[in-house]
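Descriptive structure summary
These are the residues of each chain, in order.
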Amino acid sequence: METSEYTIKKTRTTNSKLNQVDWDNIPFGKLFSDHMLVMDYKDGKWQEPEIVPFENMSLHPATSAVHYGQSVFEGMKGFRTVAGEAVTFRPEMNAKRFQKSAHRMCMPEVPVDLFMYCLKELLKYDDEWVPKKDTNSMYIRPFMFATDGYTGIKPSDTYRFMIFTCPVGSYYTEAINLKIEQDFTRAANGGVGAAKAAGNYAASLYPAKLAQDEGYHQLIWTDAETHEYVEEAGTMNILFVIDGKLVTPKESDTILAGITKRSVIELAKDYGMTVEERKVSIKEIIESIEDGSMTEAFGAGTAATIAPIKMIGYKGKKYNLPDEEKRTFSKKVVEDLDNMKYGRTEDRFGWIEKI
Ligand code: PLP
Ligand code: COI
């Protein structure tokens, strides 16, 4: 079926929560907009999408996603520009990455134009939920999971694609401390690290909890084979400014190809900065912190945005990064990105998509 042949049945809630929201105090991920989009896959094709009130669902106890983990998701954001329009940031990249994740997990792909249609219709329907303050945004969660009620192992024949949205404030409110992890592994060659698969996050919880018990916010994962090269940081990619160059681990099948990181790289090139996407060893990181050639380190992700790193822990020792005044590159990037997202400057890269 062509996307143009789809229509969306919409049912408005009779119990809107909009007037209960404290817009000056929004927690991350706990507040949900009034509606959600649901589209089922059966008989080898996507059925008509529907927008319905946000509510619980009933599931078969043998729902295969629950048992065997065929479940993938995306994370993207919506913004309210100074002109009052709702916009999103590079949403087609999310749609394409969602296809890649689905393919790896043996799930049906959602065509990019159908994904975009569903996204825009839901955002239009819940337009009033897109925050008006420029320190807030709308976190958008598209996801898909296997729905066969079957206890054997095989790719499900049926799936559910959904989108819900959450008005959000900041994910991190301060510069963060990260621990370099060498005992546990997030992703190995040939595995599913490059897919935004639910199980990747489940597997990260225990090692991350151990680090959190030691006072860290998150881990820096290293390669599965040698544990000598850094990869990414759990819910964000990682970037460093060393000797005035932007250095970041090269994308691979063990690293999620982040849209925020890609945008930071494109901005750095636009500023005329040298960018190195390559293997980054722990040795290089520690030495460059110690000799002062690393001036900035930060995480980049949709939820976390640009998260400056204050301290990196390695083998029980704490390595402090330079203070805030040295963070000239990441500050410029944040300002540039925010200006585009909130419509304060021209969208010179064509990254902003109106709803
Ligand atoms: N790496 C992981 C494991 C993530 O969950 C995320 C968040 O989506 C990222 C990196 C950053 O990706 P993006 O910038 O596309 O949000
Ligand atoms: C995102 O930034 O979209 C993420 O996936 C992080 C999330 C797990 C909160």
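Anyway, here's the lowdown on the structure attached to this text. (Residues numbered from 1 in each chain as written. Chains lettered and ligands numbered in written order. Predicted model: local features only at pLDDT ≥ 70, side-chain atom pairs only at ≥ 80, totals over all residues. Heavy atoms only, no water.)

A full pass over the atoms with the stated rule returns 24 salt bridges. Between lysine 245 and glutamate 276 there is a salt bridge, with its nearest N and O atoms 3.4 Å apart. Of this pair, lysine 245 sits in strand S13 (residues 245-249) while glutamate 276 sits in strand S14 (residues 275-278), and the two are 31 residues apart along the sequence. Its relative accessible area of 28% is what places lysine 245 among the partly exposed residues. One network of salt bridges, in which partners are shared, links Lys245, Glu276, Arg278 and Glu284. (Salt bridge = Lys/Arg side-chain N within 4 Å of Asp/Glu carboxyl O. Helix = DSSP H or I, 4+ residues; strand = E, 2+ residues; numbered from the N terminus. Buried < 20%, exposed > 50% of the residue type's maximum accessible area, 1.4 Å probe, protein only.)

What follows covers the packing of helix H2 (residues 91-104) against helix H3 (residues 112-125). Taken N-terminus to C-terminus, the directions of H2 and H3 make an angle of 125°; their axes are 9 Å apart at the nearest point. Relative to H3, the element H2 lies oblique. The element H2 and its partner H3 pack so that their crossing is right-handed. Between H2, through Pro91, Glu92, Asn94, Ala95, Lys96, Phe98 and Gln99, and H3, the contact on the second element is made entirely by Val112, Phe115, Met116 and Leu119. Residue composition of the contact of H2 with H3, grouped by class: 7 nonpolar, 2 polar and 2 charged. (Axes fitted to C-alpha atoms, helices over the stretch in contact; angles between N-to-C directions. Parallel < 35°, antiparallel > 145°, perpendicular 65-115°, else oblique. Left-handed = near helix turned anticlockwise from the far one by under 90°. Contact = heavy atoms within 4.5 Å. Nonpolar A, V, L, I, M, F, W, Y, C, P; charged D, E, K, R; others polar.)

Further remarks concern the nonpolar core. Leu37, Trp46, Val110, Met144 and Phe161 are the most contacted members of the largest nonpolar core, which has 53 residues in total. Secondary structure elements with two or more residues in this core: strand S2 (35-42), strand S4 (50-53), strand S5 (71-73), H2, H3, strand S8 (137-146) and strand S9 (159-168). With 9 residues, H3 is the single largest residue contributor to this core. Two domains each provide a minimum of three residues to this core, namely domain 1 (8-169) and domain 2 (176-341). Among the nonpolar cores identified, the runner-up in size contains 26 residues, and Ile220, Phe240, Ile289 and Ile309 belong to it. (Core = buried A, V, L, I, M, F, W, Y, C linked by side-chain atoms within 4.5 Å. Domains from an automatic or database assignment.)

A few words now on the side chain of glutamine 218. Assignment of secondary structure puts glutamine 218 in strand S11 (residues 218-220). Looking at glutamine 218, the relative accessible area reads 7%, which means it is buried. For glutamine 218, the side chain forms a polar contact with the side chain of tyrosine 172, separated by 2.5 Å. With residues near it in sequence (within four places) discarded, glutamine 218 still touches Tyr172, Asn177, Leu178, Lys179, Ala233, Gly234, Thr235 and Met236. (Polar contact = N/O pair within 3.5 Å; in protein donor to acceptor, adjacent residues only side chain to side chain.)

All buried positions along helix H6 (residues 282-290) are accounted for by Ile282, Ile285, Ile286, Ser288 and Ile289. On its buried face, H6 sits against strand S10 (176-180), strand S12 (237-242), strand S15 (294-301), strand S16 (305-314) and strand S17 (317-320). In the stretch just after H6, glycine 292 is the one whose phi turns positive, near 80°.

Despite not being glycine, cysteine 106 shows a phi value in the positive range, around 60°. Considering the arrangement of structural elements, one finds cysteine 106 in the loop between H2 and H3. You will see that lysine 315, though not glycine, has its phi angle at about 50°, which is positive. Mapped onto the fold, lysine 315 is located in the loop between S16 and S17. A residue is classified by how much of its surface remains accessible, and lysine 315, at 65% relative accessible area, is exposed.

Lining the immediate environment of ligand 2, one finds Phe73, Gly75, Tyr139, Arg141, Tyr171, Lys196, Thr235, Thr302 and Ala303. At 2.5 Å, a side-chain N or O of lysine 196 approaches an oxygen atom of ligand 2. Residue alanine 303 places a main-chain N or O atom 2.8 Å away from an oxygen atom belonging to ligand 2. Within the complex, 88% of the 280 Å² of free accessible area of ligand 2 lies under protein. In terms of residue class, the shell around ligand 2 is made up of 4 nonpolar, 3 polar and 2 charged. (Near = heavy atom within 4 Å. Areas by Shrake-Rupley, 256 points an atom, 1.4 Å probe, with all protein chains shown as cover.)

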